Amino acid sequence: MSTYIPIDSASSPLGQAASTTTAVGASLAFDDQRHLTAHRWLVDESYLLDQQDYDAWLDTLAEDIHYFMPIRVTTALGTGYDTAKDMAHFDEDKYSLSRRVARFDTGHAWAEDPPSRLRHHLSNVRTFATENENELVVESAVLLFRSRGDVLEPSLLSVGRVDLLRLEDGAWRLARRHIAADESVLRMQNLAVFL
Amino acid sequence: MRDAADVLANVRRGMLPAHIYNDAEVFEAEKERLFSRAWMFVAHESELPQVGDYVVRRVMDNSFIVSRDQAGEIHAMFNMCLHRGMQVCRAEQGNASHFRCPYHGWSYKNDGRIVGMPFHKEAYGGEEGFARKGQRLLPAPSLGIYNGLIFVSMDPDAEPLEDFLGDFKFYLDYYTKQSASGVEIRGPQRWRVKANWKIGAENFAGDMYHTPQTHTSVVEIGLFREPKAEKRKDGNTYWAGKGGGTTYKLPPGTFEEKMNYVGYPDEMVERMKEQWSQEQIDVIGRDGFMISAASVFPNISLVHNWPKVAEGDDVLPFISIRQWQPISADETEVLSWFVVDKEAPEEFKKLSYKAYLMCFGSSGMFEQDDVENWVSLTNTAGGSMARRLLLNGRMGMLHDDSPVVQPLTEDEFCGPGVAHVGYGEYNQRHLLNEWADYLEKPAPVPANIHVGAPQVDGECSSETAAQCSSEKAEA
């Protein structure tokens, strides 16, 4: 038995054009060059996100990215779904992500001015080959710690991610990200962050 | 609540004791007097499309199963087993013909009626000791539905929902009745914010004044073309019945042109014309006002905006409904749904969903900045200095209480209620005056409900009258 229900871009109203590449076989050995490459990519990305260097982050995203974080719901075991139908926290393409980043650059995005202190704690990374040599599926866990000001308790967001990384013109880019929130009710005041 | 008379008197003259936004005593009074009586939104019928579908929603700290039974009827049932009080349904949504309590196995149909008690005969002596007939999960004290929106009141003697909403129904139709099929609502996104529930309700009800400042960034990035200061103050705020909202003044043109201007395709506009009254059409077509944010007392809000969702100049409208579910004096769970007309073209639904996500909800670019303000405000309102401070909530009124601008005449605005052009806190005052009226009235004292109490001389004296009569009728 497993409680794991994978997230599928096809279940999103906006995910129809997303890549459908899937993982093939068991996870790659931790000394496999492809795993090392993917792991390094995720670590570097975590630093970009912690530092809110979103312009640089945007450059690491493929043009056809589907960045998707459905809403998790509590359902009885065996119900067959654990996300809300046709609704998400994030359901983004490159355009909408670029607007979010542009907003942070205006100097008038009060939600992050003063900025939060962010730490994306990254772990449980495993990499899978795909049918395509230039694409890898990478799974990871992220615990985002977010602290604002000096009065409020910090907030935490725990998620699992399944990414598709693609080698394009010599650089690996994020072509698809499925984010499984581990809470049905987020204990974070807004998602003026990326995962 | 300390100094209740002073607090309410000050609120009524537009002077707001700052601590009402973070005060445990005020919150207790709200629970006891307001949320025990007012109509509260729980779900929309479209969340329960099939027989057996259910969602579990709270009214404050009370869990209710909202279900569609085998006959298609909607129920809201207190989610507590009649035996030991266990939560009968622990999932948030699903489809079930029955709910079985995990503790001792009592089971209930999806209309609430009890159908199974393990060892009924051996343990209770059968019907002689515990008559199952007429026993059911407690129904919500009052249930009402308008345009598919399901409301619950904790007051068994609540006035009918439609009377409560009053003339605000006129405006609610813009959001929830754009075709004969009504709307579908998706979600909710749920998240907690360390903010008092009233702040969001007040903001959506009438705060056009914050738009140019709080939401500067979304105009700068070209997401939204409207909220520039000079545009926003040309709109009006209206209050009617138990709700009120804000509007934008649109460029001249016919009703159809104005609906096109905010991004509705012709086929949707045609269906709206079939659904809406001449006055509802004239508010937009003749008077030139397009509905935007609104609140219904006490704690639901609506929003209608029309951002750009791709490169180019096209805009696309979206609608959201949200509930500010109070958790405590300084914490609110936001439940935010996306709303779209059932008959809208698929492509419209898709892009409207995208528009919603970009603007509102947990990740929305408008909402991100709103919440930052509200959390900060709530935090500041918790201190002792805030107890001394009466904030000025009198925008739009002179010292003698006369309005800065005269209300719109019937020739200028044919919607019901009172409307004023420009910035003002008329609606926030309406909302808080309702709040004061509720807080002034003593709490209702509903009768106790006894589960299968022993009967004396064949009388069901310890049952509530309603349950007793229904039992007798079925017997």
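Here, every reference points to the structure presented above.
Attention here is on the structure that accompanies the text. A quick note: this is a predicted structure, and the numbers were derived from the prediction, not measured.

The rules we used
- Residues numbered from 1 in each chain as written.
- Chains lettered and ligands numbered in written order.
- Predicted model: local features only at pLDDT ≥ 70, side-chain atom pairs only at ≥ 80, totals over all residues.
- Heavy atoms only, no water.
- Helix = DSSP H or I, 4+ residues; strand = E, 2+ residues; numbered from the N terminus.
- Rg over C-alpha atoms; globule rule 2.2 N^0.38 Å.
- Buried < 20%, exposed > 50% of the residue type's maximum accessible area, 1.4 Å probe, protein only.
- Contact = heavy atoms within 4.5 Å.
- Areas by Shrake-Rupley, 256 points an atom, 1.4 Å probe, with all protein chains shown as cover.
- Pairing = 2+ DSSP bridges.
- Axes fitted to C-alpha atoms, helices over the stretch in contact; angles between N-to-C directions.
- Buried area = accessible area lost by both parts, 1.4 Å probe.
- Salt bridge = Lys/Arg side-chain N within 4 Å of Asp/Glu carboxyl O.
- Polar contact = N/O pair within 3.5 Å; in protein donor to acceptor, adjacent residues only side chain to side chain.
- Nonpolar A, V, L, I, M, F, W, Y, C, P; charged D, E, K, R; others polar.

**Considerations on the overall build of chain B**
Then step 1. Per the secondary structure count, chain B includes 17 helices and 20 strands.
Then step 2. Here the C-alpha radius of gyration of chain B, 24 Å, is about what a compact globule of 475 residues would show, namely 23 Å.
Then step 3. The principal-axis extent of the C-alpha atoms belonging to chain B is close to 75 × 55 × 40 Å.
Then step 4. Out of the 475 residues in chain B, the part that is buried amounts to 59%.

**Focus on the overall build of chain A**
Then step 1. Along chain A, the regular secondary structure elements total 3 helices and 6 strands.
Then step 2. Its helices and strands taken in sequence order, chain A reads α-α-β-β-α-β-β-β-β from the N to the C terminus.
Then step 3. Principal axes of the C-alpha set define a box for chain A whose edges measure 50 × 45 × 30 Å.
Then step 4. Put simply, chain A has 195 residues, and 54% of those count as buried.
Then step 5. Taking the intrachain contacts of chain A between residues at least 6 apart in sequence as the baseline, contacts between residues at least 24 apart amount to 66%.
Then step 6. As displayed, chain A offers around 8900 Å² of accessible surface, 51% of which is attributable to carbon and sulfur atoms.

**Things to note about the sheet that holds strand S7 (residues 98–100) of chain B**
Residues and elements named next belong to chain B.
Then step 1. In spatial order, the strands read S7-S8-S9; together these 3 strands make up an open sheet with antiparallel pairing. Looking at the sheet topology across the chains shown, the edges are occupied by S7 and strand S9 (114–116). Between one strand axis and the next, the sheet turns by 35 degrees as a mean value, whatever way the strands run.
Then step 2. Alignment of S7 against strand S8 (residues 107–109), held across 3 bridges, turns out to be antiparallel. Within the sheet, the bridge partner assigned to Phe-99 lies in S8 and is Tyr-108.

**Some words on the interface of chain A and chain B**
Then step 1. Facing 41 residues of chain A, the contacting portion of chain B comprises 42 residues.
Then step 2. Interface of chain A and chain B: buried area, both sides summed, is about 3700 Å²; carbon and sulfur atoms make up 57% of it.
Then step 3. In this structure, the connection of chain A to chain B is made through 3 salt bridges.
Then step 4. Counting the contacts that link chain A with chain B gives 27 residue pairs in polar contact (both at pLDDT 80 or more).
Then step 5. Only strand S1 (61–72), strand S2 (83–92) and helix H3 (94–104) of chain A provide two or more residues apiece to the side of chain A that touches chain B.
Then step 6. The residue makeup of the side of chain A that touches chain B, split by class, is 22 nonpolar, 9 polar and 10 charged.

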